[in-house]
Amino acid sequence: MFATQDTILKLLTLCALAHSITALALQEKSPVSHGSGAPLDPSHKYLIVRGEGSQQGSSASQEHVEFDNAATLLLRAFKNQQVPASSELEECSAPSHKATFSGYDYVILLGMLVISLGIGIFYGFFQKGGSSSNEFLLGSEMNIFPVTLSLTTSFITAIELLGNPSEMYFQGTQFVLIVIPMVLVIPVAVKIFYPIYFKMELTSCYEYLGIRFGKEIRILGAVLYVIQMCFYTAVAVLAPAIALSKATGLDTKIAVVLIYVVCVFYSSQGGMKAVVIADSFQAAVLAVSLVLIVGLGCFYSGNPIEVFQTAAKHDRLEFLNTDPNPTTRHTVWSVVIGGFFYWTSLFCTNQASVQKCMSLKSLKLAKIALGFAIIGLIAVFLLNFYTGLMVFTHYADCDPLTAGRISATDQLLPYYVINTYEHISSIAGIFVAGIFAASLGTVASALNSLSAVTCEDLLVNGMNIKISPDKGATYAKWMSLGFGIASFGLVFIVEHLGGVLQATLTLNGLIGGVTLGLFVLGIACKQANTKGAFYGGLLSLVLVIFVGVVAQIVSVEQPLLPTSIDNCDCHVNMTNIIGDLLTEPVEIVEEGGFTTCPIFRLSYMWYSMIGCLLTVFLGWLISLIIDFIQRRNVLKITGNKGIDNPAVSEEVFKSDSQVQYTTNSTVTTTTAVDIKETTSGEGHVNHAIRIDDE
């Protein structure tokens, strides 16, 4: 069974061309009249299409004649629509002039990078302080304004800046609803998660998992974060670098090297203060580039009324797709509900965002910063979405992808800026500086948070390495440098794996969902215990990664909305387009096999929700099973030795707390005493703050 309508169209085109070529090849041997409605010779060969030879019988011959007539008419119509290539029109796919970076553009880009480096030099070598790990990683009570800007840029990656406009252009506006769950996350963050973090005075948010469940869960959360962010930063730099390279001619390796050299330097030398101040500067560069592009677009591409009218005319406006099918890529349900879990994992359980909020003086300031950061993020996203519709208005009658001007959808916005505003000096440089600013903010925040997680969760807690306060910043600097080098190396590995780019982004959402599930399990489920969280988290991680990987392997490319090349100012080589169409492999979906299961066809928007809910459910279920087994063992001891056995307290049977064993067969119960992790021979004691304790 053929997977898509595109496949059927490819087959029909192949059939028509095969029949027409056969007819033309046999024209001398079997001359036919080309008058209107004249049947072709029924003796033509049909081996290519039907696997038949010449057949006797009126029904078969009549079918052949009708099909051959249709194929001939198709070819004639195609030939009649062809306009001979004029000597004045150049080939669309091979333009004689290609816009590139000018000297002014390079000056602007390098100027932005030099200023970012200067911030690192100032805070690393001239600003006093920063000798302790808390000073280096948290910045010691920073001001609210730069932290707000830094939080905003942390969530704006270069992938989204290039991907959102192409989503609007090729798929429509349903994805715009992703701003709704951003708003819904605010009360969850400021009422549940951040009050817990500030009361416990955490450096790493995974400290909560250690206090609630034990060392093992804290290490599990930290390792998941390290893996997630190392690959994510590599993809977040490589993907836009490739797109910029194809559209502007800027070498991919140069772009990657520049981003990493600058990021590694100012994040490893200046710490959190340098990261936040640099992010503030980069946020200004990004805002200027976006506003400038939209402002010029109103003049060169159309005002907002024209933009929305054109989008509506070509079926780009879609906001209320309520299809309940979870395999549909973007619907109201998948974008709002799935997006809620995705943004909750980023705002509430991602160390990069938590660490910046913890650098403020109080919980009240953190709530204000987070609220304004989300408002700024919504404004940037809406501006970015509008840019995509504006670009569509500009290319409504000459799609650059179909015409061969670009080779991938994420090259759309760079191509538009470089070619439309080529005659305006420095616009291309400002735009690319904005894209670089987004990449710098993502990588720098990731490196600083990775050094915090490694020092606090893995070295001190996991490996019991004692780090003195005066050497904490030194350790953190080396960790930041090491992760920068490791992420830089991963870029060149990911570059040669091709299809792993989208898979890495999908796995980023899956891992984030599992991590969120561990936090929800600890906060909302009193019955959850260490073993339940550990085995539930691991089992959920294995299951969701399996689903995500298989889904990437068997995924069918989403068909694009119709585009036009009717009014191109260049010659579109239709022969190449048809040749590419016919040389693409025909995808056939075979019946049967586990890969046909609907779970592997789910929209990627549901992955974070699946990871979170599966972790909570399995963790809670396994905890109940373990607690039941423990209570049953206690009853056996009681039955064998009697209730007077001093090893068993009568309080065990009256308490709702989980029963835990020790190495010397004593039983302890959990109590909330102090907000510090206690590890002793008597087992883990739960001191975490839960919702009901608030």
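For the structure, see preceding data.
A few points on the structure. (Residues numbered from 1 in each chain as written. Predicted model: local features only at pLDDT ≥ 70, side-chain atom pairs only at ≥ 80, totals over all residues. Heavy atoms only, no water.)

For the rest of this paragraph, the subject is the packing of helix H14 (residues 363-394) against helix H16 (residues 412-420). In the contact formed by H14 and H16, the axes pass within 11 Å of each other and the chain directions differ by 60°. Here H16 runs oblique to H14, going by the angle between their axes. Here H14 and H16 pass one another in a crossing that is left-handed. Residues Thr387, Met390, Val391 and His394 of H14 pack against Leu412, Leu413, Tyr416 and Thr420 of H16. Among the residues making up the contact of H14 with H16, the classes are represented as five nonpolar, three polar and no charged. (Axes fitted to C-alpha atoms, helices over the stretch in contact; angles between N-to-C directions. Helix = DSSP H or I, 4+ residues; strand = E, 2+ residues; numbered from the N terminus. Parallel < 35°, antiparallel > 145°, perpendicular 65-115°, else oblique. Left-handed = near helix turned anticlockwise from the far one by under 90°. Contact = heavy atoms within 4.5 Å. Nonpolar A, V, L, I, M, F, W, Y, C, P; charged D, E, K, R; others polar.)

This brings us to the packing of helix H13 (residues 351-358) against helix H17 (residues 427-462). Between H13 and H17, the shortest axis-to-axis distance is 9 Å and the interhelical angle comes to 85°. One element, H13, and the other, H17, form an angle in the roughly perpendicular class. In this structure, H13 contributes Gln351, Ala352, Gln355 and Lys356 to the contact, and H17 contributes Ser445, Asn448, Ser449, Ala452 and Val453. Class assignment for the residues of the contact of H13 with H17 results in three nonpolar, five polar and one charged.

Along the chain, the position of serine 150 falls in helix H5 (residues 144-154). Here lysine 356 takes part through its side chain, which lies 2.7 Å from a polar atom of the side chain of serine 150. When sequence neighbours within four positions are dropped, the list of residues in contact with serine 150 reads Val275, Val276, Asp279 and Lys356. (Polar contact = N/O pair within 3.5 Å; in protein donor to acceptor, adjacent residues only side chain to side chain.)

Further remarks concern a nonpolar patch on the surface. There is a patch of nonpolar side chains on the surface, built from Phe617, Trp620, Leu621, Leu624, Ile625, Phe628 and Ile629 and spanning about 630 Å² of accessible area. The topology assignment puts isoleucine 629 in helix H22 (residues 607-641). Judged by its relative accessible area of 43%, isoleucine 629 is partly exposed. (Patch = residues over 30% accessible without salt bridge, like charges linked within 9 Å, V, L, I, M, F, W, Y side chains within 5 Å. Areas by Shrake-Rupley, 256 points an atom, 1.4 Å probe, with all protein chains shown as cover. Salt bridge = Lys/Arg side-chain N within 4 Å of Asp/Glu carboxyl O. Buried < 20%, exposed > 50% of the residue type's maximum accessible area, 1.4 Å probe, protein only.)

Any functional reading would require information beyond the geometric quantities listed.
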